[in-house]
Amino acid sequence: MKTFSKKQILIVDFGSQYSQLIARRVREVGVYCKIIPWNINKIKIKNLKPNGIILSGGPDSTINRNSPRVQKIIFNMNVPILGICYGMQIMSIQLGGNVVQSSFREFGFSKVYVHETCVLLDDIYDSVDEEGTHVLDVWMSHGDTVSVIPKDFKLIASTKNCKFAIIENKKRNFYGVQFHPEVTHTKQGLRILKRFVIKVCKCKTNWTPSNILKNITENIRTIVGKDEVILAISGGIDSLVTAIILNRAIGKKLICIFVDNGLLRENESSDVTKFLNEKMNLYVRKIVAKSRFFNALSGVSDPETKRKIIGKLFFEIFNEQAKKNKKIKWLAQGTICSDVIESAKIKYNRASLIKSHHNVGGLPKNIKIKLIEPLRRLFKDEVKKIGFELGLSYEIMNRHPFPGPGLGIRIIGEVKKLYCDLLRKADAIFIDELKKNDLYQKVSQAFAVFIPVRSISVVGDDRKYEWIISLRAVETTDFMTAKWAYLPHKFLSFVSTRIINEVPGISRVVYDISNKPPSTIEWE
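A few points on the structure. Because the structure is predicted, anything quoted here is derived from the model rather than measured. (Residues numbered from 1 in each chain as written. Predicted model: local features only at pLDDT ≥ 70, side-chain atom pairs only at ≥ 80, totals over all residues. Heavy atoms only, no water.)

### Focus on the overall build of the chain
For the chain, the count of helices and strands is 14 helices and 19 strands. For 524 residues, the compact-globule estimate of 2.2 N^0.38 gives 24 Å, and the C-alpha radius of gyration of the chain, at 25 Å, lies within 12% of that figure. Referenced to the eigenvectors of the C-alpha coordinate spread, the extents of the chain come out at roughly 75 × 65 × 40 Å. Here the chain holds 524 residues, and 57% of them are scored as buried. Contacts in the chain between residues far apart in sequence, at least 24 positions, make up 76% of those at least 6 positions apart. The averaged location of the 51 negative side-chain charges in the chain is 9 Å from the averaged location of its 82 positive side-chain charges. (Helix = DSSP H or I, 4+ residues; strand = E, 2+ residues; numbered from the N terminus. Rg over C-alpha atoms; globule rule 2.2 N^0.38 Å. Buried < 20%, exposed > 50% of the residue type's maximum accessible area, 1.4 Å probe, protein only. Contact = heavy atoms within 4.5 Å. Lys, Arg positive; Asp, Glu negative; His and termini not counted. Charge placed at Lys NZ, Arg CZ, Asp CG, Glu CD.)

Structure (structure tokens):
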């Protein structure tokens, strides 16, 4: 996507999982930002012409000789720089300071005591101690610490165990913070980032839903031209927003393909196609391919393999449809930023692969039809805002996400039709009760998981071994991190009773109380 604004922030990524959170926070302020690798070519950096640069955290130790460094040109571009954690340490080392292993490592909450005035912190603090010192409540995660700051830098703030918690070179607009302002645990973190981006970097807040929508629509028209596009649509928020934008941009040149692969929720196939045709006025072509998917998944237990098989089959079907019409040159997908982050094994990024999304990790390398992914650079919350800008209702935009691989990744191990049928019924009961009890919109995502482990049960006078269902409900804003939802015990008890009574073959129901991280939202 070409940006409509010449004002942008570059985030230099050293492999931190939090780099994406930095990007989200900057965009939340209303400023476009771009994540680049730490080893990006210096000519490319110069051509990007940023208004400011943020150096991210990272899993490495700056003390190690082979740890990532930034291109020296970054410090000579005459633009403000903010170093965060590892970024602060690497800036200190490369500008003549020193970093050592800390005697007191800091992981978790900490208090930062502000000694000097600084543009980043004017009127920003959480409390004042007995001596009148401004105090910030922050979140730390470091084992190394800056021991000597570079020339022309000065100490701004400290913690009890970290002398240089905030440093500043006022003349060059270089700043370093040892804590993580991008995480919500740092209470004033967003305000600090906003101060850097707006006041120091002089960026304008024009990264708004209306501008983003206009920009995406114009890009689609330019890229697609007279060609026709097929869109893989599931009825979920991402593909729905993609469909409406494409429909706006190219009209009748869009053909939506809905694949019933046998891995959908109860009544999903009929409900989604009816909604898209009648309510959204989209032309949807329905392909029934249940047996094709079940045959391909037979005997497969590895979750990554399942995802890639499902992704490959989806693509094969779309490719078959495209061959029927020579005007179709593009395959559109509702891929969003978090899909790419969790799927991509990026050379420069030391963060681990989390999982392959069916629309990212499952596509064959020898793709002949061209891909267009209008939402690829957007986070889930940004997609929702665009949905509202398009006039979609609250009910539609707050419908819980459903993964592209569907029930295929909510069945642990091998996927069988029997397992899908049981899971479908259990999941429908869970969602039904959430809606009846006014809890559906209070959680971000909820679903059932089928566990193919037999548990002892007593049915009447008979002793049986039957299957287990796990219920999962989370609360999140960006789906990059999530907390398990505190559903009432009485509610869970009632849902459990319904599932066991109404779904033959299920004898035990459990509730998942894992947060993300370390767990992912989906089980596979």
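### A closer look at the sheet that holds strand β11 (residues 228–232)
Pairing within the open sheet is parallel, and its five strands lie in the order β13-β12-β11-β14-β15. Each edge of the open sheet carries a strand with a single partner, namely β13 (284–288) and β15 (370–372). The mean angle between the axes of side-by-side strands here comes to 30°, regardless of whether they run parallel or antiparallel. As paired strands, strand β12 (residues 254–260) and β13 are joined by five bridges and run parallel to one another. Considered in β13, the bridge of isoleucine 257 is made with arginine 285. Along the sheet face, helix α9 (residues 303–323) touches β11, β12, β13 and β14 (328–332) and points at about 140° away from the line of β12. (Pairing = 2+ DSSP bridges. Axes fitted to C-alpha atoms, helices over the stretch in contact; angles between N-to-C directions.)

### Re the packing of helix α8 (residues 290–297) against α9
Direction vectors running N to C along α8 and α9 enclose 145°, while the axes themselves pass 10 Å from each other. Our pair here, α8 against α9, has a crossing hand that is right-handed. Here α8 contributes Arg292, Phe293, Ala296 and Leu297 to the contact with α9, which in turn contributes Lys306, Ile309, Ile310, Leu313, Phe314, Glu316, Ile317 and Glu320. (Left-handed = near helix turned anticlockwise from the far one by under 90°.)

### Quick notes on the environment of asparagine 169
You can see asparagine 169 is positioned in strand β9 (residues 166–169). Take asparagine 169: its relative accessible area is 4%, and that puts it in the buried class. As for asparagine 169 and cysteine 118, which are separated by 51 residues in sequence, their C-alpha atoms are 10.0 Å apart. Contact partners of asparagine 169, with chain neighbours within four places excluded, come to Lys151, Asp152, Phe153 and Phe174.

### Description of the packing of helix α13 (residues 417–436) against helix α14 (residues 489–502)
Two numbers describe how α13 lies on α14: the axes approach to 10 Å, and their chain directions differ by 145°. Considering how the two elements wind past one another, α13 and α14 form a crossing that is right-handed. Packed against α13, whose contacting residues are Ala426, Ile429, Phe430, Asp432, Glu433, Leu434 and Lys436, the element α14 presents Phe491, Phe494, Val495, Arg498, Ile499 and Glu502 at the interface. Its residues assigned to classes, the contact of α13 with α14 shows eight nonpolar, no polar and five charged. (Nonpolar A, V, L, I, M, F, W, Y, C, P; charged D, E, K, R; others polar.)

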